[in-house]
Amino acid sequence: MGKGYIKKIVFGTDFRLIIHRYKLNEDFTIKRNASLERNDLISIFFYNNENLIDLVYNQDQRVPFSQNNESAIQLTTSDMNSVIKFPANSEIYKCIVGITSEKLATLLRIEKPNSIIQKITSGKDSFTYFESMNQEMLRNLKQLFEINVENNLSNFYYQIKVQELLYHLFDKLLQRVNLPHQLINNADVEKLLVLRNIILEDLSKPPVLGALSKLIGMSETKMKQLFKQTFGDTIYNYYQKIRMEEAAFLLKQAGYSVSDVGYQLGFSNLSHFSRLFEKQFGITPKKYSVVG
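These notes cover the structure that comes with them. (Residues numbered from 1 in each chain as written. Predicted model: local features only at pLDDT ≥ 70, side-chain atom pairs only at ≥ 80, totals over all residues. Heavy atoms only, no water.)

### A short note on the layout of surface pockets
Under the convention used in this document: Grid points spaced at 1 Å and placed over the protein atoms alone form the basis of the search, with a cavity being a set where a 1.4 Å probe fits but cannot get out and a pocket an open set showing protein on both sides within 12 Å along at least five of seven lines. Lining residues have an atom within 4 Å of a point. Grid points are joined across faces, edges and corners, and a volume is the space filled by probe spheres set on the points. Per the convention used, a helix needs a DSSP run of H or I reaching at least four residues, while a strand needs a run of E reaching at least two, with both numbered from the N terminus. In this count, Pro and Cys sit with the nonpolar residues alongside Ala, Val, Leu, Ile, Met, Phe, Trp and Tyr, while Asp, Glu, Lys and Arg are called charged and the others, Gly among them, polar.
Roughly 330 Å³ of internal volume is contained in the second largest pocket. Lining the second largest pocket are 18 residues, and of these Ile 18, Arg 32, Ser 43, Phe 45 and Ile 96 lie nearest its centre. Here the lining of the second largest pocket takes 4 residues from strand S2 (residues 15-24), the largest share from any one element. Of the residues belonging to the lining of the second largest pocket, the class tally is 9 nonpolar, 5 polar and 4 charged.

This is the structure in structure tokens:
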């Protein structure tokens, strides 16, 4: 089907790593079924921005996972179904960490965990959390795939790099607002992913909460609570963050002018666009477009 490998590295009965590195001649799909009996195994997916991942939550309908091509992470309990699609002719760099909640708690040793860390390490309720990947994590991920497997210390080095990834991930999760955990199930997660994709379909249109709650069949209060819990921000702030990231891409990679980007993303006032962009990136869009 192509060139490359899938490698499983076992650090212990409660901690393991699966890495995907290959380039395929045809599309490839991996189906992951939910465990029939709940266990305390947590799966943490790290993936880059090259490919689209679909997830399935106890239904046949597939839900786009990374429509906006962002580098991201998903943490989920074992009672979730998923389908991961690897497209042909793309360099695949993915890793999945499997770790028990008890082992994770032992590794982290956080004296004052927030509500999210408490939930993840408790081994009790179901959860799904999404996080973006910063530059340090992308660097760690790249280093993980560059490890020489012939080296006698390669297993040890893999574990170091995985723990670095976990450090950066939980450092971000610790910065989230300390809110009470709302119960969430497969149907809720599917609706949230649909919601996320509706928001990203057209970044020129701000989200209208009442209309969105009707579209996904969830009360507005529950929708806002679960979205912030799962994605770490309010619906509007999340939309603005992705909107500015899209602006940065269009300015730098696509070479669009500031005015073209502003109008394309729905700004009638370019000064307002510039203020929002500078607030997020610390530099005006005009300066950003010319920085090497």
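### Here we look at the environment of Lys 85
With respect to the secondary-structure elements, Lys 85 resides in strand S8 (residues 82-86). For the pair formed by Lys 85 and Ala 211, sequence separation is 126 residues and the distance between their alpha carbons is 31 Å.

### Describing unusual backbone geometry
Here is the rule we go by: Think of it in three bands: with a 1.4 Å probe and only protein chains considered, a residue is buried below 20% of the maximum accessible area for its type, exposed above 50%, and partly exposed in between.
A positive phi angle, near 50°, is found at Arg 109, a position not held by glycine. Inspection of the secondary structure puts Arg 109 in the loop between helix H1 (101-108) and helix H2 (115-122). Residue classification places Arg 109 among the exposed residues on the basis of a relative accessible area of 67%.

### Description of the pattern of salt bridges
The line we're drawing: The term salt bridge refers to a side-chain nitrogen of Lys or Arg lying within 4 Å of a carboxyl oxygen of Asp or Glu.
The tally for this structure, following the rule as stated, stands at 7 salt bridges. Lys 161 is paired through a salt bridge with Glu 164; the nearest N and O atoms lie 2.9 Å apart. In this pair, Lys 161 and Glu 164 are both assigned in helix H4 (residues 154-174), 3 residues apart and thus about one turn of the helix distant. Judged by its relative accessible area of 7%, Lys 161 falls in the buried class. Owing to a relative accessible area of 27%, Glu 164 belongs among the partly exposed residues under this scheme. Where Asp 202 meets Lys 205, a salt bridge forms, and the shortest distance between an N and an O atom there is 3.9 Å. Assessed through its relative accessible area of 56%, Lys 205 is described here as exposed.

### Quick word on the sheet that holds strand S7 (residues 72-77)
Inclusion rule: Strands qualify as paired when DSSP identifies two bridges or more between them. Every angle, taken between N-to-C directions, lies between 0 and 180 degrees, and every axis is a line fitted to C-alpha atoms, over only the stretch in contact when it is a helix. Residues count as neighbours in contact if any of their non-hydrogen atoms are within 4.5 Å of one another.
Read across the sheet, 6 strands follow the order S1-S2-S9-S4-S7-S10 without closing on themselves; strand pairing throughout is antiparallel. Edge positions in the sheet fall to strand S1 (2-12) and strand S10 (128-132), since each has one partner strand and no second. The average angle at which neighbouring strand axes cross in this sheet is 15°, direction not considered. One ladder, built from 7 bridges, connects strand S4 (residues 41-47) with strand S9 (residues 91-100); its direction is antiparallel. Across the sheet, the residue bridging to Phe 46 is Cys 95, located in S9. Sheet contacts for helix H3 (residues 135-145): S1, S2, S4, S7, S9 and S10; angle to S2, the most-contacted strand, approximately 80°. Sheet strands in contact with H4 are S1, S2, S4, S7, S9 and S10, and its direction is about 80° off that of S1.

Functional significance is not addressed by these values, which are geometric in nature.
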